[in-house]
Every structure is written in C-alpha cells, then in structure tokens.
Amino acid sequence: MNRSELTELFEKTFPFWGRMSEADRETFLASSQHVRFKKGTNIHDGNRCTGVILVKSGALRLYLLSDSGKEITLYRLFPGDMCILSASCVLETLTFDVFVDSEENSECVVVGGCAYEDLSRRLPEAKIFALESALSAFSDVMWVMEQILFMSMDRRLAIFLLDECAKNGSDTVHLTHEQIAKYMGSAREVVSRMLKYFASEGMVSVSRSDGIRLLDRARLRALTNP
C-alpha cells in the first residue's frame, strides 16, 4: 500500500487521527507494515506486542491455548475488522495470552505496538479507543465462555451453524468437523455425533463433498432458545 492508501485507511479506522500531530502521523505511517500471511501462519503468540492488526482480506482466528495444547477459539476477524488484543503493550491489564493465526491467505496492515503505546501515553483519545475496542472484544470472549460453560452442545452447534451461514449468505457450511470442533472448543467426535443427530432429525444434510447444508432453519433456531 502506498502512503495515501495507508492514510485513508487510518482516517477510517482511528477516530483520533485528526487529533494527532503531523509528527505522530509520520511515526504511525513509518511503523506500519503491509503484510501478506499464508494460511496457517501464526501472527501473534501472546509473548510479544505485535501491534494493531487491520484485516484487508482473508480471515484471522483469535484463540486461547491451554498447557495441554487444547485450543478455544474466541472469534474470527474478516476484511474491515481490527485486532487490538495483539497490542498487549497498549493494554497493560491484559493478563492472558491470546494467539492469532491466519485462517486463510490474508492481507493485513500492522501498526507497530510501540508506536501505538507511545501515542496512547500522550493522546487520551488513542488510549480510550484502545480500551473501548478491547471492551468490545471481551464481550465476544464472554459470549464464547458463556456458551462453553452454560449451553448444551445441541444449542451451541445450532447457533454456530446459523451464524456461519449468516456470515456467508449461504445455506451451506463448508467446514470440516475438525474445524468446527476447534472453533467451538469441543472434540471432533462430539461435533460429528451431534451433526449425525441433526441429520437424522432432518435439520441438516451432511456430505464430505457438499459440506453441511441447513434444511430446517426454524427447528435450528428453536434449539437456540434457552
């Protein structure tokens, strides 16, 4: 991306851009990188301040990783989304490690964490924006935790399938059972068993070649109600 394209992106993304000094804008632009990540690349491992990630194309996945290696997907980011949890140096109160992987071949702009941290110390609007963005992200995290802790598996899977189709504007989910289990923080066997039950009830059809097709949205929506 050239300078004018970066400037336009930052004007749209950061509401405090107009309050920044010319020197701070120059630092922001100089510290930013336009990066292409291959599918499966780890972008942020929780041990460093990667910076603020803006997604231009593709998809990223944020997740927690237990000592035993189990992953819990927190949420995914798509074009136009921003990741603030990868800028841990800006969020001093962040007490857990978040991992970020490129779920697809992705194109991103990464604003250096040190540059944002330095700016947030001098410009309250930048700090407030980071905290508000983190609060919004934590709302998504709490929703995931609520599902894992308090919802039955059939309700969780129904919510996942309906949400996935809503995102794609389709009646079909083109994900493997293993991928769905990873996103839901469950086991593949559990997902396969529940999909088999949904299929036997006529709510979905499951095919290796065609994916998971929703046949009865009304019944799936009924499952999502407490």
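The preceding data block contains the structure.
Caption draft 1: Quick peek at the side chain of R156. Turning to its location among the elements, R156 is positioned in helix α5 (residues 153-168). Of the buried charged residues, R156 lacks a salt bridge, with D154 as the closest side chain of opposite charge at 9.1 Å. Beyond its immediate stretch of four places on either side in the chain, R156 contacts Q147, I148, M151, M184 and G185.

Caption draft 2: Geometry of the sheet that holds strand β9 (residues 172-173). Spatially, β9-β11-β10 is the arrangement adopted by the three strands of the open sheet, whose pairing is antiparallel. Edge positions in the sheet fall to β9 and β10 (204-207), since each of these pairs with one other strand and no more. Judged from the four bridges that link them, β10 and strand β11 (residues 211-214) form a sheet pairing that is antiparallel. Bridge assignment links S205 to a residue of β11, and that residue is R213.

Caption draft 3: Up close: the pattern of salt bridges. A full pass over the atoms with the stated rule returns 13 salt bridges. Ionic pairing is found between R3 and E26, a salt bridge with its closest N-O pair at 2.3 Å. Taken as a pair, R3 in helix α1 (residues 3-13) and E26 in helix α2 (residues 22-31) lie far apart in primary sequence, 23 residues in all. R188 is paired through a salt bridge with E189; the nearest N and O atoms lie 3.3 Å apart.

Caption draft 4: Looking closely at the pairing of strand β7 (residues 99-102). Burial of β7 is two-sided: the residues F99 and D101 facing one way and the residues V100 and S102 facing the other way are all buried. By the bridge criterion, four bridges tie strand β4 (residues 60-65) to β7 in an arrangement that is antiparallel. What sits directly across from Y63, in β7, is F99.

Caption draft 5: Up close: the sheet that holds strand β5 (residues 71-77). Read from one edge to the other, the open sheet built from four strands follows the order β2-β7-β4-β5, with strand pairing classed as antiparallel. In this open sheet, the two strands that pair with only one neighbour each are β2 (42-44) and β5. Sheet twist, expressed as the average angle between the axes of neighbouring strands with direction ignored, equals 35°. Both β2 and β7 contribute to a ladder of two bridges, which runs antiparallel.

Conventions and cut-offs
Residues numbered from 1 in each chain as written. Predicted model: local features only at pLDDT ≥ 70, side-chain atom pairs only at ≥ 80, totals over all residues. Heavy atoms only, no water. Helix = DSSP H or I, 4+ residues; strand = E, 2+ residues; numbered from the N terminus. Buried < 20%, exposed > 50% of the residue type's maximum accessible area, 1.4 Å probe, protein only. Lys, Arg positive; Asp, Glu negative; His and termini not counted. Salt bridge = Lys/Arg side-chain N within 4 Å of Asp/Glu carboxyl O. Contact = heavy atoms within 4.5 Å. Pairing = 2+ DSSP bridges. Axes fitted to C-alpha atoms, helices over the stretch in contact; angles between N-to-C directions.

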